[in-house]
Each structure stands twice: as structure tokens, then as C-alpha cells.
Amino acid sequence: MTMKRLLLGLAAVLIAGPAFSQQPAPAVPGWAVGRPEGSALAPHSPRLTVMAPDQLPVAALRLPPGFSAAVFAHGIPGVRAMAEGPNGTVFAGSRVIGRVYAITRNPDGTTRTRVIAQGLNNPNGIVMVGNNLFVFALNRVLRYDNIEANLDNIPAPVELTAAFGFPNEADHGGNHFWKVATLGPDGRIYTNVGANCNICSIDRDRFALLVSFNPDGSDRRIESRGVRNSVGLAHHPVTRELWASNHGRDWAGNDVPNDTLIRVRRSGEDHGYPFCVGSWADPQENAGRNCSEFSQPSALLGGHVAPLGIRFYTGTMFPEAYRNQIFIARRGSWNRERLTGYDVVMARLDAQGNVTGVEPFMTGLLDEANQRFLGRPADVQVLRDGSLLVADEQTGAIYRITYRQ
Amino acid sequence: MLARLLAAAVLAAAFPGAALAQDARRGADLAQTCLACHGDNGRSQIEDIPSLAGQPTDFITLQMILFREGIRRVPVMNQFAADIPDRDIEDLAAYFDGLRPGPPDDRRPRDADLYAAGQALIGPRHCATCHVPDFGGRAQIPRIAAQREEFLARSMVEYREGRRAGADTQMNGAVVGLSDPDIAAIAHYLAQQD
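Residues numbered from 1 in each chain as written. Chains lettered and ligands numbered in written order. Predicted model: local features only at pLDDT ≥ 70, side-chain atom pairs only at ≥ 80, totals over all residues.

**Thoughts on the overall build of chain A**
Convention followed: Put simply, DSSP marks the helices as runs of H or I at least four residues long and the strands as runs of E at least two long, and each gets a number from the N terminus on. For this measure, only C-alpha atoms enter the radius of gyration; the expected value for a globule follows 2.2 Å times N^0.38, where N is the number of residues. Labels follow a simple rule on C-beta atoms placed from the backbone: if 20 or more others lie within 10 Å of a residue's own, it is buried; if 12 or fewer, it is exposed; otherwise it is partly exposed.
Counting secondary structure elements, chain A contains three helices and 29 strands. A compact globule built from 405 residues would reach a C-alpha radius of gyration of about 22 Å, and chain A, at 22 Å, matches this within 12%. Taking the principal axes of its C-alpha atoms as reference, chain A extends roughly 75 × 55 × 50 Å. Counting the 405 residues in chain A, one finds 49% classified as buried.

In C-alpha cells form, the structure reads like this:
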């Protein structure tokens, strides 16, 4: 019925003839602002089929001395944001493939992966609150109660979509609608609302925000404004401050603006989108603003590297020097002529919480000479035993990094 | 230098390449049911059903997964794709990628005005950036040259109205603000490409 009406409508349009020749050309859409004519850059193809274990790039991974990586779980296409349940189940969200996974460990050390939800629109936001799993998809918030006791018989989730009241797909215009979620030390859920364009003037109370809620969706609070697209959030284990990764805009050059690591010192502070990134004024949207009026990033991570999940290292397995430092998964660039990222880096913090340096931690997935990549780290997760998981979205694998003196 | 060479050798051994996993011959057997609608040679002769001949492997693989997972909703395809194993999808994709692309037999003649209007929109919308200059597509981005005209138009309407998304949302952004006549013109222009 709808289809027939649509076809009739199109037929009418076709018969109506060349009325379009009178119309002005439509304004350039937000995603294409600044896009150079003749550029051939486009997002990379995702791999959403299962990759055979012998093809996983684990042998290519490079780590500092004493660390080693092994495959923790595989056959999890599109795996992204992770969270660990109280009984040790690792839950993982995805984007395009629309699934939520639960990964449990068998007594022999192997793992078992279950698909516990599917058909969702970009369910990337995964957070455990007590025994309950929250899933944040586009404009949908679902709560799976007592999840670890029910992995073989997943209960119908509690629908909290209306309570959280996020902008919907049409509001986002297809831009930056995926969520990341974390539980704050205050018991609130922290998440993001991305910008509804690449670069444009936005409603700064609705988009490009970090926000927090009570777990029932009430008492929305803006934690930070002017954050274009954060896909990684974590609280400092000592200072309890919120930290976030943030993606800079596309089509402004190979090295500008930087993707950033930001630190929210006071609830509600402004990080500058769309006007500035750090001291860099946006060539289209600066609107005469002085960049020094905005909160400055704690670290510049490079243009287009795509920092996703971040975690403070809170375990004891790694050497003391790693304690309370930040691991950052960098998914890697597409909007840049030479590939960059595709690794896990560590931001070193001093006692005052200032970043003193960003250094490589897990490398080897970027084949620089041939300009190809072997995997795309999308999240990191510190397990209770102190090991570090790295989710590789491109290969559908999770690697586990351990340390031994 | 030696270390770097060794590292490269290790890499080469570790990644024999995803393409080897795909078996187009096996895909040809699996594809028999597909051809009833998508055309004997992968060129659809049926209104509103797309041609698959020469579509990039990644594109077909991705779309079949979206059908299987119920994320791209086309009831007939959701049914065909239900429970289909990854390997079947990859082999089907390899098969269709290898077919020679071309227009449907019933392609209508070129309408000069419509064609010119479409051509005028293609540049500002940067279509060739992703679909490549001959519109043959690459990786997860489809071949749109010589595709069925009414199918191209419907797809763009679906992207514009948020009823469809790809691996990313570039297409939703690309068609923002296009009017129905704009879409009809672009569809005509692309359907006429060979």
C-alpha cells in the first residue's frame, strides 16, 4: 500500500517534468561543508561477518615489555562498548549490526558468546547499574533486570525511552546519534548527545552535550556543552571528575582539528563546539568567538584518530605506574589522506590530574607502508582481575592484555 | 631493517586476506533463488527490484546482514535472509560481484532535460566521492550506474526520510533537502550511466 502510493507519487513527479530547473540548488548539507572537490575519502567498510580465529591479528599486536595479548573472545561481529557484570559477564554493544552480546567464561578458560538483543538501532551504550543492564540505542533506552541470572532466558526489557527523552533519528538527521554510557560514582548514568551535523550552528541545549540522569531517566543535568561527539566516558577513580573522548569535525584538513581528551572540572562547562577546538577556531562556525573563553582540552590526540572508549586503569595486575592512568581506544581515521590511529594509547596524568603525555600502548594494527588496517579498537575495559580487554570492532574479537614480570 | 622485514612476513602470514574465504562458484549455486527476481544475469527486469550484477562484495554482504538482522526492512528479503549463515552471504556476494553489470532491458530513453538536471546536482552533492567517478561503487558503497531508475529514486527517498541507513549515515546526510523532482532527476541521470 505504502509502496504503491510511493510509486504513484514518483510517477507523478516524473510526469510533472522539469520544474526543478527553476529551483535554486539546495544548500550544501552540514556533512559536506568544507568538503574539497575531488576528494576520494569515505568511511571504511565495516566487517560484520564472523572472522575465522586463525585470521585474527593477535600476533601482530605490539605491547610494552612484560605485557602480552591473547584472544579473549571472537566471533562477535561489530563488537564495541563493553561493561562487566557483578558475576563477571562481559556485555558488549554494537552499532550497525544492532546486537548486544553477553560473553561468559567457561571453566576451561574459553568463552561463550550469546546474542541477548538484536535488531536495535546502534545499541552502543552499555552500562551496568547493580544487577541491571542498561542499553542505550538511538532514542531507545532499555533496562534488562537481573540480567546475569537470566542469560538463557532474556526477560523483556523495561522500556525507559520516554523517561530519558533523547532526540530521535529525525532530530539527529543521521548524525552522531550513537550513545556511550557509564555509571558515575554518584550513582547517576552519564551519557552523550552528539552534534546533529558535521559542523553547523546547533541548539546548544539539546545537542553536542554530555548529560547525566538518575537511572530512572529523571533529573537530566547538562555536564558539559559544546562536545561534538564523545564515544568514551569515564570518571577519575580518585577525583571523581568526568573525562571524555571527543571527535573533531571532518573536512577541515588532515591534521585539524584535533580529536581530544577532555576533563569536566565543573558540571555544565563549555568545550566550544561548534566555535573552537582548544585554541583552534573553526573556519566556518567560529562566529567571532575567542577560543580562550572555552574549557581547553586536557590532551590533543591527533586529527581524525577517532578516540572511542576510555578507562582509568584501576587494577593491580599492571605495574604501579599504570595506576589511574587513562587507556584510550583509537578506532582510526577515514577523513585523512594517510591512515592514523588504530591503536590503544595511554594518557599519563600527574597528581593534579594534568595530562603529561600520551604514549602508545597497543599498536600493530596499522600497516603504515600499505596504508591498510588490520583491526579497529573501539573500547577498553579493565576486568576485575586487572587485565585489560580491547574490543576490535573490525574483526569481531576481544583481546585480553595481561602483565607478568 | 631485518626486524621490519620479519614483522612484515609475520603480518603476511597472519592475514591471508578475507577474499580467499569467498567462493563465487558456491555462490552461483546458492543464487538460483535470487535470480528469479534479480534477473538471470543479475540485471533486474522487474520494477522496484535492484540489479545486483557488479555490486561490490562488501556492499552485498552488508545489506544481507542488515536484512538478516531485521535492520533494513524489506519483508521478502528479511524472509530470504533469515538465519542465513555468514559464509553463504559472502559467497553470494562474491558471485554477484563477478557478474557483468548493465542496464535493464526496459531502460527508458534519455530525457535530455531530466538528465541535465540530474547532472547539475551530482557535482554539488559529491556523489562521486564515495560512489567513485563512474558510479561503479566500492567496498560497502553500491554501484549506482545503470541501476533501475525507480529503485534509485525510492532508495533516495528512504534515505531522506530516515527509513534506511547504511553502515554509516553518509547517505542520509547526502540527500538532505533534496526535493522529489531533484531525486527524480538524479535517478534518471544515474540510470543512464553505463
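Now that the structure has been shown, we can carry on.
**Focus on the overall build of chain B**
Heads up, the condition is: Think of it this way: build a C-beta for each residue from its backbone, and any pair within 7 Å is a contact.
Counting its secondary structure elements, chain B contains eleven helices and zero strands. Reading the secondary structure of chain B in the N-to-C direction produces α-α-α-α-α-α-α-α-α-α-α. Out of the 194 residues in chain B, the part that is buried amounts to 49%. A separation threshold of at least 6 residues defines the contact pool for chain B, and within that pool the share at least 24 residues apart is 72%.

**Points about the pairing of strand β14 (residues 232-235) of chain A**
On any regular strand, side chains alternate: one points to one face of the sheet, the next to the other face. Residue and element names in this part refer to chain A. Using the following cut-off: Strands are labelled as partners when DSSP assigns at least two bridges between them.
With four bridges joining them, β14 and strand β15 (residues 242-246) adopt antiparallel strand pairing. Each bridged residue has a counterpart across the sheet, and for Gly232 the counterpart in β15 is Ser245. Following β14, the chain reverses through six residues before pairing antiparallel with β15; Arg240 in that reversal takes a positive phi of roughly 65°.

**What about the domain arrangement of chain B?**
Residues and elements named next belong to chain B. Selection rule: Boundaries of every domain are those given by an automatic assignment or by a domain database. Each residue receives one of three labels: charged for Asp, Glu, Lys and Arg, nonpolar for Ala, Val, Leu, Ile, Met, Phe, Trp, Tyr, Cys and Pro, and polar for the others, Gly being one of them.
As far as domains go, chain B holds domain 1 (18-98) and domain 2 (112-191). Residue-level contacts link 13 residues of domain 1 with 14 residues of domain 2. For the side of domain 1 that touches domain 2, the class distribution of residues is five nonpolar, four polar and four charged.

**Looking at the sheet that holds strand β5 (residues 111-117) of chain A**
Residues and elements named next belong to chain A. Here is the rule we go by: Geometry is summarised by axes, namely lines fitted to C-alpha atoms with helices restricted to the contacting stretch, and by angles between N-to-C directions that run from 0 to 180 degrees.
Reading across from one edge, β2-β3-β4-β5 is the order of the four strands in this open sheet, with antiparallel pairing throughout. Single-partner strands in this sheet number two, and they are β2 (82-84) and β5. Neighbour-to-neighbour, the strand axes of the sheet open up by a mean angle of 25°, direction not taken into account. Here strand β4 (residues 100-105) pairs with β5 via six bridges, running antiparallel. Bridge assignment links Tyr101 to a residue of β5, and that residue is Val115.

**Describing helix α6 (residues 86-98) of chain B**
All names here are of chain B. Put simply, the rule reads: Expected span of a helix, by definition, is 1.5 Å for each gap between consecutive residues, and there is one gap fewer than residues.
Compared with an ideal rise of 1.5 Å per residue, which puts 13 residues at 18 Å, α6 spans 19 Å between its outermost C-alpha atoms and is within 8% of the ideal. Every buried residue of α6 is listed here: Ile89, Glu90, Asp91, Leu92, Ala93, Ala94, Tyr95, Phe96 and Asp97. Of the surrounding secondary structure, the elements contacted by the buried residues of α6 are α2 (24-30) and α4 (57-68).

**Details of the environment of A:Asn150**
In this fold, A:Asn150 is placed in the loop between β8 (140-144) and β9 (158-159). Each C-alpha atom, one on A:Asn150 and one on A:Ile116, is 9.9 Å from the other, the two residues being 34 residues apart in sequence.

**Side note on the packing of α4(B) against α6(B)**
All names here are of chain B. The line we're drawing: Reported orientations rely on four angle classes, namely roughly parallel under 35 degrees, roughly antiparallel over 145, roughly perpendicular from 65 to 115, and oblique for the rest. The handedness criterion is simple: a crossing whose near helix is rotated anticlockwise from the far helix by less than a right angle is left-handed, and one whose near helix is rotated clockwise is right-handed.
The geometry of α4 relative to α6 is characterised by a closest axis approach of 8 Å and an angle of 140° between their N-to-C directions. With respect to each other, α4 and α6 are oriented oblique. The hand of the α4/α6 crossing is right-handed. Along its contact with α4, which presents Thr57, Ile60, Thr61, Met64 and Ile65, the element α6 presents Ile89, Glu90, Leu92, Ala93, Ala94, Phe96 and Asp97. Each residue belonging to the contact of α4 with α6 can be placed in one class, and the counts come to eight nonpolar, two polar and two charged.

**Description of the sheet that holds strand β20 (residues 299-303) of chain A**
All names here are of chain A. Taken together, four strands build an open sheet; the order of strands is β14-β15-β16-β20 and the sheet is antiparallel. A strand with exactly one partner marks an edge of an open sheet, and here the two such strands are β14 and β20. For this sheet, the mean inter-axis angle between neighbouring strands, taken without regard to orientation, is 15°.

**Let's talk about the environment of A:Glu169**
Mapping A:Glu169 onto the fold places it in helix α3 (residues 169-172). Exposure remark for A:Glu169: the 18 C-beta atoms within 10 Å place this residue in the partly exposed category. Considered as a pair, A:Glu169 and A:Val100 are 69 residues apart in the sequence and their alpha carbons are 20 Å apart. Leaving out residues up to four positions away in the same chain, A:Glu169 has contacts with A:Leu138, A:Asn139, A:Phe177 and B:Gly162.

**Structural notes on unusual backbone geometry**
Residues and elements named next belong to chain A. With omega at -15°, the peptide bond leading from Val256 into Pro257 counts as cis. Note that Pro257 resides in the loop between β15 and β16 (258-264). Positive phi, normally seen in glycine, also occurs at Asn146, with a value near 45°. Along the chain, the position of Asn146 falls in the loop between β8 and β9. Taking the number of C-beta atoms within 10 Å as the measure of exposure, Asn146 has 11 and is therefore exposed.

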